[in-house]
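# Chain and residue survey
Read off the chains here:
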Amino acid sequence: MKTQPLAQKYGPYALVAGGSYGLGAAFAEQIADSGLNLVILARNKDALNATAARIRETYGVDVIAIAVDLANFDAVKKQVLALKVDIGLLIYDAAYAPIGPFAETTEEQLATAAAVNVKAPLLLTKLLSTSMIERGRGGIVLMSSLAGGQGSPNLATYAATKAFNTILAEGLWKELTPLGLDVLVCTAGAILTPGYEQAESSKPAPGTLSASAVASQTLAALGKGPVVVPGPVNKLGRFMMTRLLSRRAAIGIMAKNTEGLS
Ligand SMILES: NC(=O)c1ccc[n+]([C@@H]2O[C@H](COP(=O)([O-])OP(=O)(O)OC[C@H]3O[C@@H](n4cnc5c(N)ncnc54)[C@H](OP(=O)(O)O)[C@@H]3O)[C@@H](O)[C@H]2O)c1
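Computed from a predicted structure; not experimentally measured. (Residues numbered from 1 in each chain as written. Predicted model: local features only at pLDDT ≥ 70, side-chain atom pairs only at ≥ 80, totals over all residues. Heavy atoms only, no water.)

### A word on the sheet that holds strand β4 (residues 87-92)
Reading across the sheet, the 7 strands line up as β3-β2-β1-β4-β5-β6-β9 and stay open at both edges, with parallel pairing between neighbours. Strands at the two margins of the open sheet, each flanked by one partner only, are β3 (63-67) and β9 (227-228). Sheet analysis places strand β1 (residues 13-17) next to strand β2 (residues 37-42), joined by 5 bridges and oriented parallel. Bridge assignment links leucine 15 to a residue of β2, and that residue is valine 39. The strands touched by helix α5 (residues 107-135) are β1, β4, β5 (138-145) and β6 (181-188); relative to β4, the strand with the most contacts, the crossing angle is about 165 degrees. Across the sheet, helix α6 (residues 156-176) lies against β5, β6 and β9, angled at about 150 degrees from β5, the strand it touches most. (Pairing = 2+ DSSP bridges. Helix = DSSP H or I, 4+ residues; strand = E, 2+ residues; numbered from the N terminus. Contact = heavy atoms within 4.5 Å. Axes fitted to C-alpha atoms, helices over the stretch in contact; angles between N-to-C directions.)

Written out as structure tokens, the structure is:
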């Protein structure tokens, strides 16, 4: 183990929702490396158990693996309430992105996006923050995206759910900081994860970062402000899109970037 500050601040357990591969697994590894025990959630049991075993063996921490669909919050709540451990850090990583024209997106896809990207982070934050507030310490990280900074054609629903996470985290940052909680939203640009590689057929966008770079910059920013934008290219991009350009121009630029998506 390299450092201890995360464990001291947020221990003894962190929960990573979507922690079996990609960015979620990078978060889980770095959190374990700092000495915190883990609860990791994902749907695919085999991938989840393999990640849990690898982290246990590498970092010597306890890892509880819960195979559950975050779209089914009642099942998530039941499993989390059954745990006999104190969770002091929540990382909500998982997301569902219906990609392509809204006209061709099904009602079921829209409902899944709302359940995984909005309902679950909101209600998990409520569930876990209650005991964090009682203890007077804790950390909450919600994942957002540069796509959520403005309307994003062909990704409209996903982008809107990411905007929800940004605004929720900003409000909770101000509200919960005086109660001892650190709240942060990570507004990420492209990240080299299996999810991104599946959606993106061409070469990676400028400023694309590794999952481990995004996880480390995010964890380092926790407790230092409401928003982190990993990577200088993404910081510049966000500044341009949200502060310099008109909404109409920013939406137009997004439309050019997303027009090939289907
Ligand atoms: N990748 C990018 O370029 C990018 C850019 C900006 C922002 N982001 C944000 O960063 C986060 C990670 O993005 P990512 O898509 O690349 O994913 P990822 O980190 O590769 O994570 C996917 C993880 O979430 C789990 N998961 C997905 N849907 C789930 C569900 N319904 N229930 C339970 N677990 C679920 C997956 O396991 P199972 O599949 O086994 O369930 C896996 O463990 C997302 O919030 C995304 O919006 C990503």
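### A few points about the nonpolar core
In this structure, Ile31 and Leu38 are the most contacted members of the largest nonpolar core, which totals 37 residues. In terms of residue count, the dominant contributor to this core is helix α2 (residues 22-33) (6 residues). Once residues within four sequence positions are removed from consideration, isoleucine 31 is found in contact with Leu6, Ala14, Val16, Leu36, Leu38, Leu89, Ile91 and Leu219. Within the second largest apolar cluster, 31 residues are counted, among which are Leu70, Leu124, Leu142 and Leu168. (Core = buried A, V, L, I, M, F, W, Y, C linked by side-chain atoms within 4.5 Å. Buried < 20%, exposed > 50% of the residue type's maximum accessible area, 1.4 Å probe, protein only.)

### Details of the site of the ligand
Around the ligand lies a shell of 28 residues, among which Ser20, Arg43, Asp93, Tyr158 and Thr193 are the nearest. Taking threonine 193, its side chain carries an N or O atom lying 2.5 Å from an oxygen atom of the ligand. Out of a free accessible area of 880 Å², the ligand has 92% covered by protein chains. Counting only elements with at least two residues in the shell around the ligand, the list comes to α2, β5 and α6. Taken together, the residues of the shell around the ligand sort by class into 14 nonpolar, 10 polar and 4 charged. (Near = heavy atom within 4 Å. Polar contact = N/O pair within 3.5 Å; in protein donor to acceptor, adjacent residues only side chain to side chain. Areas by Shrake-Rupley, 256 points an atom, 1.4 Å probe, with all protein chains shown as cover. Nonpolar A, V, L, I, M, F, W, Y, C, P; charged D, E, K, R; others polar.)

### Things to note about the pattern of salt bridges
A complete count under the given rule lists 3 salt bridges for this structure. Of the charged contacts, one joins glutamate 29 and arginine 54 as a salt bridge, the two residues approaching to 2.5 Å between their closest N and O atoms. Of this pair, glutamate 29 sits in helix α2 while arginine 54 sits in helix α3 (residues 45-59), placing them 25 residues apart in sequence. We note a salt bridge from aspartate 86 to arginine 135, for which the minimum N-O separation is 3.8 Å. You can see aspartate 86 sitting in the loop between α4 (73-81) and β4 and its partner arginine 135 sitting in helix α5, a full 49 residues away along the chain. Note on aspartate 86: relative accessible area 43%, which makes it partly exposed. (Salt bridge = Lys/Arg side-chain N within 4 Å of Asp/Glu carboxyl O.)

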